[in-house]
Amino acid sequence: MRRLFWVGVGVVVTVVVVQRGRKIVAQYAPEAVVDRAERAAQDAGRRAETFVATFRREFTQARTAREAELTAALLAEGQPDPDDVRASGLRPADLRGGPGRARHAATAPDRHPDPEAEIAADEADLGYSF
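(A) Up close: the overall build of the protein chain. Each helix and strand counted, the protein chain has 5 helices and 0 strands in total. Of the regular secondary structure in the protein chain, the N- to C-terminal order runs α-α-α-α-α.

Shown next, in the form of structure tokens:
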């Protein structure tokens, strides 16, 4: 219980000293120093804002360029760009022949699909595999 009392006394003394110290500093600080500090803080804020805006703009440009490079590297010869396919309004089912028809020649409606034949057909359609 004594320790708790002295911890409380220490907290109260610290708060009082900090408040009094701020008053004394404000009372004796020259306004020129305060004004310079305010201007320096505002200038630092403007520089940080400019840096962040420039970084964001350059990052977005670099990300867009890299995305275009990766997309071009992954597309097979003659394969349409994914953005063009999305813009055309086609769905994946439209490109595969629709949900009612067999997806590949290896898939007949009366039997289970052959996974190896589907993989081979996918690779033939896409032009690449992983």
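(B) Structural context of helix 1 (residues 2-28). Compared with the 39 Å implied by 1.5 Å per residue over 27 residues, the 39 Å span of helix 1 between its first and last C-alpha is a close match. Counting buried positions over the 27 residues of helix 1 gives 0, only a small fraction of the element.

(C) Region of interest: the pattern of salt bridges. Applying the stated criterion to the full structure yields 2 salt bridges. Asp43 is the partner of Arg47 in a salt bridge, and the nearest nitrogen-oxygen pair spans 3.4 Å. With Arg47 and Asp43 both in helix 2 (residues 31-74) and 4 residues apart, this pair spans about one turn of that helix. Using a relative accessible area of 54% as the deciding quantity, one classes Arg47 as exposed. Measuring nitrogen to oxygen at the nearest pair gives 3.1 Å for the salt bridge that ties Glu69 to Arg66. Here Arg66 and Glu69 lie together in helix 2, a separation of 3 residues that amounts to about one turn. Exposure remark for Glu69: the relative accessible area of 47% places this residue in the partly exposed category. We classify Arg66 as partly exposed; its relative accessible area is 46%.

Criteria and thresholds
Residues numbered from 1 in each chain as written. Predicted model: local features only at pLDDT ≥ 70, side-chain atom pairs only at ≥ 80, totals over all residues. Heavy atoms only, no water. Helix = DSSP H or I, 4+ residues; strand = E, 2+ residues; numbered from the N terminus. Expected span 1.5 Å × (residues − 1). Buried < 20%, exposed > 50% of the residue type's maximum accessible area, 1.4 Å probe, protein only. Salt bridge = Lys/Arg side-chain N within 4 Å of Asp/Glu carboxyl O.

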